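# An overview of the molecular structure
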Amino acid sequence: MLRISLLPGRTGTCAAALIISTSLLLGGCGAGGPAGDAAAAEKDPKAEKAVEAVPVEAAAATRRAVAASYTGTAALEARAESQVVAKTSGVALAVLVEEGQQVRAGQPLVRLDPDRARLAVAQSEAQMRKLENSYQRAQKLVGQQMVSAADVDQLRYDLENVRAQYRLATLELSYTTVVAPISGVIASRSIKTGNFVQINTPIFRIVDNSRLEATLNVPERELATLRPGQPVTLVADALPGKSFPGKVDRISPVVDAGSGTFRVVSGFGEGAEGLQPGMFGRIRIDYDQRADALVVPRLALLDDGDPAVFRVRDGKVARVPVKLGYAEGPWVEIRDGLVAGDKVVTAGKVALRDGTAVQVIGDKPAATVASKAAPAKAETRQ
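Since the structure is predicted, the reported quantities are computational estimates derived from the model, not experimental observations.

This paragraph deals with the nonpolar core. As a rule of thumb, soluble globular proteins bury nonpolar side chains together. If you look at the biggest cluster of nonpolar residues, it comprises 25 residues, and the most contacted ones within it are Leu76, Leu234, Leu275, Ile283 and Ile285. The greatest single-element share of this core, amounting to 5 residues, is contributed by strand E9 (residues 202-219). Residue contacts for Leu76: discarding those within four places in its chain leaves Leu212, Glu213, Ala214, Leu234, Phe268, Leu275, Gln276, Pro277, Gly278 and Met279. Core analysis: the next-biggest nonpolar cluster, separate from the first, contains 17 residues, Val84, Val110, Ile186 and Ile203 among them.

Here you go:
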């Protein structure tokens, strides 16, 4: 135990000061314990940096092929479609095809009762034969001046008229067999065996689904970029997971003044199995392509004005303005501002500012190194 005698006067004052100094010195030595180390750790800039690092997701700028395209939606239509009508009247003796059946041009579809038409052919043929004989005899007699030239001319005109009637009757007889005007599939049938068919009555609808078309109304600003023959890709909602190739078939040279658009017709032939007229499809027309473009995910672009991204370097982010090129799907081309391998933030951009410390998810955290260095430093101090 420390024993100090207090002397009167100036000596006592010096002793009191000595006691206070000793107490402060002991308190300073006690600060080197665990509590003091914790306070020092809190003021350690490395520890503070590890705590404030914002977790983000990042992706590297890579090179890949990217295409410039125009996209739109349209319904598929058959390039050829025919409404089959009866060209003569009569009872349907036989219906030869059904809905969904594939037919070729000229194939018989329905046979109507031909009796009336056959009689008309026979009648006109008899009249034609009679006039042919009369005309031949008149030609022989005109040289003997037994028949006038006017009578011969009249016989010739009558014969030509009867021949026309005969051809007309033969044509009407051919109409009793209804044939397919185009090749395709029977889309609908509105006749049954035994029905009486009136002339010009629709009885079948044939759709040529071997060649389908989709028409887009494209804004006039794309008129200089689209050309016939450019590749087209179609994705149908009814057939998920499949894409169908095609090409631009024809482009209207006239811009509609009311809508400011022009018509672009795309055709789909080979490789379009499964597509049907009336299906709704999403169409993409590729009008240019870069085989080795520098791209980043679209998610990396900032939504605060001019195109820019947050580039990650040495644990911090920097806002980098970029020049954009073509965009395709989830990718966007970067023509200036980045190089291959640069990491850009794709998720967690909201909390970032230029110079913010970040921790990329999946990378080795810097806080691990700091935590290992802290105990070693504490042991050295002891």
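What follows covers helix H5 (residues 149-174). A rise of 1.5 Å per residue sets the reference length of H5, with its 26 residues, at 38 Å; its end C-alpha atoms lie 38 Å apart and thus fit the reference within 8%. Turning to H5, its buried residues are Val152, Leu159, Val162 and Ala169. Looking at the buried residues of H5, the elements they touch are helix H4 (115-142).

Tallied over the full model, the rule gives 0 aromatic pairs. Directly above the aromatic system of Tyr326 lies the positively charged group of Arg335, at a separation of 5.1 Å from the ring centroid.

The next thing to look at is H4. Because an α-helix packs 3.6 residues into every turn, residues spaced three or four apart end up facing the same way. If you check H4, its first and last C-alpha atoms are 41 Å apart, about what 28 residues at 1.5 Å a residue would give, namely 40 Å. Listed as buried for H4 are Ala117, Val121, Ser124, Met128, Leu131, Glu132, Ser134, Tyr135 and Ala138. In the core, the buried residues of H4 are packed alongside H5.

The phi angle of most residues is negative, glycine excepted, and most peptide bonds adopt the trans form. The phi dihedral of Asn200 is positive, around 65°, even though this residue is not glycine. Of note, Asn200 is situated in the loop between strand E8 (196-197) and E9. Asn200 sits in the exposed class, given a relative accessible area of 56%. Look at Asp314: it is not a glycine, yet its phi comes out positive at around 55°. Locating Asp314 in the fold gives a position in the loop between strand E14 (308-313) and strand E15 (316-321).

Rules behind the numbers
- Residues numbered from 1 in each chain as written.
- Predicted model: local features only at pLDDT ≥ 70, side-chain atom pairs only at ≥ 80, totals over all residues.
- Heavy atoms only, no water.
- Core = buried A, V, L, I, M, F, W, Y, C linked by side-chain atoms within 4.5 Å.
- Buried < 20%, exposed > 50% of the residue type's maximum accessible area, 1.4 Å probe, protein only.
- Helix = DSSP H or I, 4+ residues; strand = E, 2+ residues; numbered from the N terminus.
- Contact = heavy atoms within 4.5 Å.
- Expected span 1.5 Å × (residues − 1).
- Phe/Tyr/Trp six-rings, centres within 6.5 Å; stacked < 30°, edge-to-face > 60°.
- Lys NZ or Arg CZ within 6 Å of the ring centre and 35° of its normal.

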